[in-house]
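# Structural overview for review
Each chain, written out:
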Amino acid sequence: MSVVGFDIGNENCVIAAVKHRGIDVLLNEESKRETPAVVSFGEKQRLFGSAGAASATINPTSTISQVKRLIGRRYDHPKVQEDLRMFPFETSEGSDGGILIHLQYLGERHTFTPVQILGMLFSHLKQTAEKCLEAPVKDCVIGIPSYFTNLQRKLYLDAAAIAGLTPLRLLHDCTATALGYGVYKTDFSNKGPCCAAFVDIGHSDTQVAVVSFESGHMKVLSHASDSNLGARDFDEVLFRHFASQFKQQYNIDVHSSRRACIRLRAACEKLKKVLSANPEAPLNIECLMDEKDVKGFITRDEFEKFSANLLEGIAEPCKKALMDAGVAAEKIQSVELVGSGSRIPAISRVLASVFRREPSRKLNASECVARGCALQCAMFSPNFRVKDYEVEDSLPFSIGLCLPDEGPIHALPNGVLFPKGHPIPSEKVFKLQKSSKFQLEAFYADVHDLPLGVSPRISVFTIGPFPMASENAHIKVKAHLTLHGTVKLSSATFVGAYVEESVLRSADKSSERMEAEYDYGSHDTEDNAEDKYSAPKPVPAYYSHNRKGKAVTRLPVSIVEDVCGHLSEAELIKAREKEAELTNQDCKVEQAKEKKNTLESYVYETRNKILNTHKDFTAESEKEQICKDLQQTEDWLYEEGDDESAHVYAKRLQDLKQMVDPIEIRCKEEEARPQAVRNLLQL
Ligand code: ATP
Ligand code: K
Ligand code: MG
C-alpha cells in the first residue's frame, strides 16, 4: 500500500510519496511537479492540470478554480462575495447557507457544491499518483491551512472520501513543513530545545508557525495566519494600477469585459514573477480590448510602493505567532520561508525586520508541504520504517462547549473545552449533572480569531435518552480533539446509584448491547485516536465501584452529532455515485481518443508498408483495394467519423486488419525463412 501526501493549494497541488530511498514528488501526466488546482468542464469531458488551466480564458464560465477558498464558507458574507465577484463562474446560495456552483456541461445545467469540485480534484490527483506509483492509493495525509474550521476540515474529509481516499490525518501546512525540517535536523545543542519559525506565503493566504525542536520530537508552539493575504493580492495591485493607467492612456475599461479582466490578471501575475528577478519589467498585451494593443512598464520599486499595505500585512501574523508562542524574536534560530509567493523579494525584508534575522530558503518552497505530509503518512504506515519522531501540533482556535439554553459548562474553565494552543490530538473528560436527554453545543470561543466568512458554530451533540432516572446521577462525557483538528464527543456515560441488574434490564429495552463488568477507578479506556468510520464501542459496564469503593451503575448513553453543512451518509453516497458517473464519461472520451489515434496511425503505417516494405508481398489487386480502403478511412476520420465511440473505431480497425493481416503474415514468413533454412542446415 502506497503512502502519499497531498498539498491541495488554492492554485497548485503537489503529490509526494515515500519510496524506499526517500520522498519523491510525483510527476503528473505532463511531467510537471505541480498540478493547477482547476477543474474545467469541456465539451465532452472534464479537463484537469494545464489543459484545465488553459480553459480559463477560452471557457471561463465552466472552469472552476480556487475551490479551496469556497469550502465551508458562507455565501452571504461580504468577504466571500468579494471573492465570488472575481470568479467568472456562476454561483448562488445553497439551502445551508453555503455556496453552489452552476455551469453548463454536456448540454445540461449542472449544480455542484465546492466539496464535489474538491472531490474531483482529489480524484484526479489520486489517479495521477496511482499511474505514477503503479499501485493503488488510499491512505494519505492531506495538508490544510491552520485557519480551517471544524466544518472545513470535515468537508475536506468528505471530498477525500468522494475520491475514495482515506486521510490518516489532516496536517496543518506549516506543521508538515516543520516536520520535513525537523526530522533531518541533527545539530542540537545541549542548551535545550531550539525554535524555528515557518512562514508560508501561498496564493491566497499567509501562514506562520513557531515550532520548537528537540531530538526525536517537535512541538508546535503557535499558529497564526491571514486567510486573506497571499501572492494573488500582489497581482491585484498590478491589475488595479494598469487598469486605471489603460483607462487614461487607451480609453478602455477592462472591468467591462470579463475576458479582458482575465487576460490582464494573467499578464499581471507574469509581470509580478518577472519583477521577482528583475528591477523593472514591461507589460504588453495584444488586442486586450476594442482591438487595442496595450503597453505598460513598471519598476520593482514602484511595485513595492504600491504593495506597502500588503507587505505590512505579512508582518502581522508573524508578530502574532511570536506573541502566542511566548518566544522573543531573538530566540528564533531560523526563519524558514516557503510557499511560491515567498519569491517576492520584498517579503524577505519584511520578515528580516520582524524576526531580526534573514529568512532562510533551505526548504523546497513549493514541495515542502506535500513532502511533510508524505513523511507523516509513512510514520502512520506499518509498511515503512521511519525513525521515531513525535509531532505535537497545536490547536489554532479555542473551542468552547455550552448547554444551548443554560450557557457555559461550569465543569470547564471559562466554558472552554480545548483552549488555543492545546496539543493535537488530545482527550478531555468532564462531568455534568443531568437526568434526562440534553444537548451540548461546540463552537469557536474567539470569533475574532476566525477568518472572515466562516461560522463559529461547530456541532450540536444530542446526548440521551437516558436508560433510567436516578437521583444524584451524573453524566461523564469524553471529548476528543482528533488528529484532524476536529472535535467530537466520543462517549457519554451515565453514572448513578447502584441498581439491580433485573431492574436495569427492564428499564432499558436495548440492553443487549451492554455487558456486566466490574471496574474500580477510572473507567476510561484508550480508544483509537482517530476513527470517524468505526462504530462506537459499547461501554461494557452495568455496575462498577466509584473511587471511594461504593457500587455505582454506569451505562453508555447515545450521542448524535449534527454538523451543519457537512455531508450526511446518504449525501456522501450520492456524491460518490455522481463522481463515478463523471469519471466514467471522462474515461469513455479518453478511450475513444485512444482508439481513434490507433486507427489513424494504422492507416498511415499500413499505407507506407504497402507502398514500400511490403510491396513485394502484395498483389496489385490487393494493393489497389487496400489503398482505397485506407483513403476512405482517412477521409471518414476527418469527416463524419471525427467524433465516434471507442467501439466504432475498434471495429473499423478490425475490418482493415482483416485485409492487411495476410500480407503481414507472408512478409513475416519471408523474413523468418533464412533463419529457418539455417536452422535446417545445422541439423
Ligand atoms: P495556498 O497555499 O494559498 O492554498 P498555493 O499553495 O497553491 O496556495 P503556491 O503555489 O505556494 O500557492 O503559490 C502560488 C503563488 O505564488 C501564485 O500567486 C504565483 O503567482 C506566486 N509565484 C510563483 N512564483 C513566483 C515568483 N517567482 N515571484 C512571485 N510570485 C510567484
Ligand atoms: K501548493
Ligand atoms: Mg500552499
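Within each chain, residues carry numbers counting from 1 in the order of the written sequence. Naming scheme: in the order in which they are written, chains are lettered from A and ligands are numbered from 1. Only residues with pLDDT of 70 or above have their local features reported here, since the model is predicted, and side-chain atom pairs are shown and tallied only from 80 upward, although totals for entire chains, interfaces and linings are computed over all residues.

Across its full length, the protein chain holds 15 helices and 31 strands. Counting only C-alpha atoms and orienting by the principal axes, one finds that the protein chain spans roughly 105 × 75 × 55 Å. Burial status across the protein chain gives 39% buried among its 683 residues. Counted over contacts in the protein chain with a minimum sequence separation of 6, partners at least 24 positions apart contribute 70%. Helical segments are the DSSP runs of H or I of at least four residues, strand segments are the runs of E of at least two, and each set is numbered from the N terminus. Counting other C-beta atoms within 10 Å of a residue's own tells you its class, since 20 or more makes it buried, 12 or fewer makes it exposed, and anything in between is partly exposed; those C-beta atoms are placed from the backbone. Contact between two residues is assigned when their C-beta atoms, built from the backbone, lie within 7 Å.

Moving on, we come to the pairing of strand β10 (residues 108-112). Any two strands with at least two DSSP-identified bridges between them are counted as paired. Of the strand pairs in this sheet, strand β9 (residues 99-105) and β10 are connected by five bridges, and their pairing is antiparallel. If you follow Gln104 over to β10, its bridge partner there is Arg109.

Next up on the list: the packing of helix α3 (residues 114-133) against helix α4 (residues 150-162). A fitted line through C-alpha atoms represents every axis, and for helices the fit uses only the stretch in contact; the resulting angles, taken between N-to-C directions, go from 0 to 180 degrees. Running from N to C, α3 and α4 point in directions that differ by 50°, and their axes come no closer than 8 Å. One element, α3, and the other, α4, form an angle in the oblique class. Every pair of crossing elements has a handedness; the one defined by α3 and α4 is right-handed. The segment α3 lies against α4, with Val115, Gln116, Leu118, Gly119 and Phe122 engaging Leu155, Asp158, Ala159, Ala160 and Ile162. When residue character is reported, Ala, Val, Leu, Ile, Met, Phe, Trp, Tyr, Cys and Pro are called nonpolar, Asp, Glu, Lys and Arg charged, and the others, Gly included, polar. Its residues assigned to classes, the contact of α3 with α4 shows seven nonpolar, two polar and one charged. Here the word oblique covers every angle except those under 35 degrees (roughly parallel), over 145 (roughly antiparallel) and from 65 to 115 (roughly perpendicular). Definitions for this section: a left-handed crossing has its near helix turned counterclockwise from the far helix by less than a right angle. A right-handed crossing has that turn clockwise.

Take the site of ligand 1 next. For each residue, a C-beta atom is positioned from the backbone; the residue is called near a molecule or strand if that atom sits within 6 Å of it. Taken together, 22 residues are adjacent to ligand 1, and Gly9, Gly202, His203, Ala231 and Ser340 come closest. Listing elements by their share of the shell around ligand 1, those giving two or more residues are α6 (231-250) and α7 (258-277). Considering each element in turn, the shell around ligand 1 owes the most residues, four residues, to α7. By residue class, the composition of the shell around ligand 1 is two nonpolar, 12 polar and eight charged.

Moving on: the sheet that holds strand β6 (residues 46-47). Judged by pairing direction, the sheet is antiparallel, and its three strands sit side by side in the order β6-β5-β7 without closing on themselves. Strands at the two margins of the open sheet, each flanked by one partner only, are β6 and β7 (63-65). Relative to β6, strand β5 (residues 38-41) runs antiparallel, the two being bridged by two bridges. Looking at the pairing, Phe41 lines up with Arg46 of β6.

On to unusual backbone geometry, then. With an omega of -5°, the peptide bond running from Ile424 to Pro425 counts as cis. Inspection of the secondary structure assignment puts Pro425 in the loop between β23 (423-424) and β24 (426-432). With an omega dihedral of 0°, the bond running from Gly464 to Pro465 counts as a cis peptide bond. On the secondary structure map, Pro465 appears in the loop between β26 (457-463) and β27 (474-481). Positioned with a positive phi, Glu134 is a non-glycine residue whose angle comes to about 50°.

Before going further, it helps to examine α6. Expected span, for any helix, means 1.5 Å times one less than how many residues it has. Helix length check: α6 (20 residues) gives 28 Å between terminal C-alpha atoms against 28 Å at 1.5 Å per residue, within 8%. Buried within α6 are the following residues: Ala231, Arg232, Phe234, Asp235, Leu238, Phe239, Phe242 and Phe246. Projected down its long axis, α6 carries its buried residues within an arc of 140°, all on one side. Away from the buried face of α6 by more than 90 degrees, exposed residues Arg240, Ser244 and Gln248 are located. Looking at the packing, one finds that the buried side of α6 touches β13 (194-201), α7, β16 (280-289), β17 (292-299), α8 (300-306) and α9 (308-325). This arc is built from the directions going out from the helix axis to the C-beta atoms.

Before going further, it helps to examine the sheet that holds β9. Across the sheet, three strands lie side by side as β8-β9-β10; this open sheet has antiparallel pairing. The sheet terminates laterally at β8 (90-93) and β10, the two strands that pair on one side only. Across the sheet, the axes of successive neighbouring strands diverge by a mean angle of 30°, strand direction being ignored.

A separate point is the domain arrangement of the protein chain. Taken as a whole, the protein chain is organised into domain 1 (4-229 + 310-390), domain 2 (395-567) and domain 3 (570-682). Of note, the centres of domain 1 and domain 3, computed from C-alpha atoms alone, are 45 Å apart. Counting from both sides, the interface comprises 10 residues of domain 1 and, opposite them, 10 residues of domain 3. For the side of domain 1 that touches domain 3, the secondary-structure elements that each account for two or more residues are α3 and α4. The element that contributes the greatest number of residues to the side of domain 1 that touches domain 3 is α3, accounting for four residues. Taken together, the residues of the side of domain 1 that touches domain 3 sort by class into three nonpolar, four polar and three charged. Throughout the structure description, domain borders are defined by an automatic or database domain assignment.

Nonpolar cores are built from buried Ala, Val, Leu, Ile, Met, Phe, Trp, Tyr and Cys residues. These are joined into a set through C-beta atoms within 7 Å. Grouped together as the largest cluster of nonpolar side chains are 105 residues, with contacts concentrated most on Ile15, Leu121, Cys373 and Ala374. Per element, the largest residue contribution to this core is nine residues, and it comes from helix α11 (residues 368-380). When near neighbours in sequence (up to four residues on either side) are disregarded, Ala374 contacts Val3, Val4, Gly5, Ala16, Ala17, Val18 and Ile23. Membership of the second largest hydrophobic core comes to 26 residues, among which are Phe397, Phe418, Ile424 and Phe466.

Moving on, we get to the packing of helix α13 (residues 569-611) against helix α14 (residues 620-638). Direction vectors running N to C along α13 and α14 enclose 155°, while the axes themselves pass 10 Å from each other. Taken together, the axes of α13 and α14 lie roughly antiparallel to each other. As α13 runs across α14, the sense of the crossing is left-handed. Counted together, Leu599, Glu600, Val603, Thr606, Arg607 and Ile610 of α13 and Lys623, Ile626, Cys627, Leu630, Thr633, Glu634 and Leu637 of α14 form the full contact between these two elements. Of the residues belonging to the contact of α13 with α14, the class tally is seven nonpolar, two polar and four charged.

Right, let's get into the environment of Asn608. Examined against the element boundaries, Asn608 turns out to sit in helix α13. Remark: the alpha-carbon pair of Asn608 and Ala266, spanning 342 residues in sequence, is separated by 45 Å.

Okay, the environment of Leu151 next. Inspection of the secondary structure puts Leu151 in helix α4. As for Leu151 and Ser455, which are separated by 304 residues in sequence, their C-alpha atoms are 8.6 Å apart. If sequence neighbours within four positions are ignored, Leu151 has contacts with Gly72, Ser455, Val563, Gly565 and His566.

To continue, consider the confidence of the model for the protein chain. For the protein chain, the mean per-residue pLDDT works out to 90, and 93% of the residues sit at or above 70. Listed scores for the predicted complex are pTM 0.89 and ipTM 0.98. The pLDDT score gives, residue by residue, the confidence of the prediction method on a 0 to 100 scale.

As a further point, take the environment of Ala56. Relative to the helices and strands, Ala56 is located in helix α1 (residues 49-58). Considered as a pair, Ala56 and Glu671 are 615 residues apart in the sequence and their alpha carbons are 54 Å apart. Apart from the residues within four sequence positions on either side, Ala56 is in contact with Thr63, Ser65 and Ile262.

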